[in-house]
Amino acid sequence: MSASKRSLDFHTDQEVIDEINRIRDAGYTKSKNWNLTQICEHLTATMRGGMDGFGFRVPWIVRATLMKWMLGRMLKNRKMISGPTLKQLKPTSPPGEDDNEVIEKCIATLGEAAKFPGPINDYPLLDNLGVDDWKQLMWLHAAHHLGFLVANDTST
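Below: a short report on this structure. All of these numbers come straight from a predicted model, not from anything done at the bench. (Residues numbered from 1 in each chain as written. Predicted model: local features only at pLDDT ≥ 70, side-chain atom pairs only at ≥ 80, totals over all residues. Heavy atoms only, no water.)

**Focus on the overall build of the protein chain**
(1) Moving on: If you tally the helices and strands in the protein chain, you get 5 helices and 2 strands.
(2) Moving on: The C-alpha radius of gyration of the protein chain comes to 15 Å, within 12% of the 15 Å expected for a compact globule of 156 residues.
(3) Moving on: In the protein chain, which comprises 156 residues, the share counted as buried stands at 46%.
(4) Moving on: Across the protein chain, every contact between residues at least 6 apart in sequence was considered, and the portion connecting residues at least 24 apart equals 83%.
(5) Moving on: When the accessible surface of the protein chain is summed, it comes to about 8600 Å², and 53% of that surface belongs to carbon and sulfur atoms.
(6) Moving on: For the protein chain, the centre of its 19 positive side-chain charges and the centre of its 19 negative side-chain charges are spaced 9 Å apart. (Helix = DSSP H or I, 4+ residues; strand = E, 2+ residues; numbered from the N terminus. Rg over C-alpha atoms; globule rule 2.2 N^0.38 Å. Buried < 20%, exposed > 50% of the residue type's maximum accessible area, 1.4 Å probe, protein only. Contact = heavy atoms within 4.5 Å. Areas by Shrake-Rupley, 256 points an atom, 1.4 Å probe, with all protein chains shown as cover. Lys, Arg positive; Asp, Glu negative; His and termini not counted. Charge placed at Lys NZ, Arg CZ, Asp CG, Glu CD.)

Structure follows, in structure tokens:
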């Protein structure tokens, strides 16, 4: 049975962590391709990139126009816009059973991101991204992906 995407909106790392644990504990149905491990691997990669640097940037004109507009829209609407996943951010974990080590690494990275003082240097998609906006972007990103998993306990 195919599940439909849930609409989630997280404002803190703890809300994301609680949802990850709830999904992991209850089991889930996927409404798209990635399992919880693969989502957690992807979220970890994007958070690490924000804190440590990605090593690449899109052209400045794209950062200054389209991406700036998209960030404003996402923060205002509290909804992530779907798009292709960059190759270097695609998970390499296999489908199938979840890997608790990968999930725990994501949870630890969420806590680290919440405490990250900034600055966000050379973010690949935007110029002058403030750390508070980056955190909200990370929580929205998590909501976007975790929305594709529907917990078997059906409480959300």
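Next comes the rest of the description.
**A closer look at the side chain of Lys135**
(1) Moving on: Within the secondary structure, Lys135 is located in helix H5 (residues 131–146).
(2) Moving on: Look at Lys135: it is buried, it has no salt bridge, and the nearest opposite charge is Asp132 at 4.7 Å.
(3) Moving on: Once residues within four sequence positions are removed from consideration, Lys135 is found in contact with Ala113, Ala114, Lys115 and Phe116. (Salt bridge = Lys/Arg side-chain N within 4 Å of Asp/Glu carboxyl O.)

**Examining the packing of helix H1 (residues 13–26) against H5**
(1) Moving on: The N-to-C vectors of H1 and H5 enclose an angle of 20°; their axes lie 10 Å apart at closest approach. In terms of their interaxial angle, H1 and H5 are classed as roughly parallel. Crossing angle aside, the handedness with which H1 passes H5 is left-handed. Across from Asp13, Val16, Glu19, Ile20 and Ile23 in H1, the residues of H5 making contact are Trp139, Ala142 and Leu146.
(2) Moving on: In the contact of H1 with H5, the residues fall into 6 nonpolar, no polar and 2 charged. (Axes fitted to C-alpha atoms, helices over the stretch in contact; angles between N-to-C directions. Parallel < 35°, antiparallel > 145°, perpendicular 65-115°, else oblique. Left-handed = near helix turned anticlockwise from the far one by under 90°. Nonpolar A, V, L, I, M, F, W, Y, C, P; charged D, E, K, R; others polar.)

**Comments concerning the packing of aromatic side chains**
(1) Moving on: Throughout the structure, instances matching the rule amount to 3 aromatic pairs.
(2) Moving on: Each ring, one from Phe54 and one from Phe56, has its centre 5.8 Å from the other, and the planes form 70°; the classification is edge-to-face.
(3) Moving on: For Phe56, a relative accessible area of 21% gives the class partly exposed.
(4) Moving on: Taken together, a centroid distance of 5.7 Å and an interplanar angle of 65° make the contact between Phe116 and Trp134 edge-to-face. Of this pair, Phe116 sits in the loop between helix H4 (100–115) and H5 while Trp134 sits in helix H5, placing them 18 residues apart in sequence. (Phe/Tyr/Trp six-rings, centres within 6.5 Å; stacked < 30°, edge-to-face > 60°.)

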